[in-house]
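Given next are the chains, with one letter for each unit.
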Amino acid sequence: MEKKVFSKCGNRCDLCLLYRPNVEKNDRRKDICNVYSKIFPGYNADPNTIICDGCSCEKENAVLQDPKCKTRKCVIEKGFEHCGYCGQYPCDIFPAEPTHEELVQKIEVEKQWTWEDEKLMEAYSCKKNIDEFRRNK
């Protein structure tokens, strides 16, 4: 069994189709870009160039999905591996519940969702991943 690799906010890098080590093993970026376009209308990432080194990467020129991520900044400032270790989780930066707007968006996306889409998005269920980590910690 492979080791779980968490991003600072709880994404599972080891399952992420944009994570550089996964792209190098089996490039499925086109699949995840198709799903992203359902979630974020108008977002049309180029599957040939989109990639992520993971927000725990310490290389000087690391490629990150969101270099300005507030969760990443907070976790690094507090000295944690990820927010699952923080005693203040959930917090304003990482709330326990989605906002009304996020719920509406999720419902709209699910109208065009497939089981394959659900499987591909498994890596990005931050709250579910962090809650599971905390239960098993």
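Note on numbering: residues in each chain are counted from 1, in written sequence order. Reporting in this predicted model follows two pLDDT cut-offs: at least 70 for local features of residues, and 80 or more for side-chain atom pairs to be given and counted; totals over whole chains, interfaces and linings ignore these cut-offs and use all residues. Note that water and hydrogens are dropped before the side-chain values are worked out from all heavy atoms of the structure.

1. Regarding unusual backbone geometry
When glycine is set aside, most residues are seen to have a negative phi, and most peptide bonds are trans. Of the consecutive residues Y89 and P90, the connecting peptide bond is found in the cis state with omega at -10°. In this structure, P90 sits in the loop between helix 3 (70–78) and helix 4 (100–110). Secondary structure is summarised from DSSP: a helix means a run of H or I of at least four residues, a strand means a run of E of at least two, and numbering begins at the N terminus for each.

2. Notes on the confidence of the model for the protein chain
The quantity known as pLDDT measures the predictor's confidence residue by residue, on a range of 0 to 100. Taken over all residues, the pLDDT of the protein chain has a mean of 87, while the share at 70 or more is 88%. By mean pLDDT, helix 4 is the weakest element of the protein chain at 68, and helix 1 (residues 20–25) is the strongest at 96.

3. Quick look at helix 2 (residues 29–39)
The cut-offs for exposure are 20% and 50% of the maximum accessible area for each residue type, with area from a 1.4 Å probe on protein chains only; residues under the lower value are buried, those over the upper are exposed, and the others partly exposed. Of the residues making up helix 2, those classed as buried are R29, I32, C33, V35, Y36 and I39. The buried side chains of helix 2 occupy one side of the element, clustering within an arc of 160° when seen end-on. This arc is taken over the directions from the axis of the helix to the C-beta atoms.

4. Considerations on the environment of R134
Residue placement: R134 occurs in helix 6 (residues 126–136). By relative accessible area, which is 32% here, R134 ends up partly exposed. In sequence terms R134 and C86 are 48 residues apart; their C-alpha atoms lie 9.9 Å from each other. Every residue pair with non-hydrogen atoms within 4.5 Å of one another is taken to be in contact. Apart from residues lying up to four places away in sequence, R134 is in contact with C83, G84, Y85, C86 and Y89.

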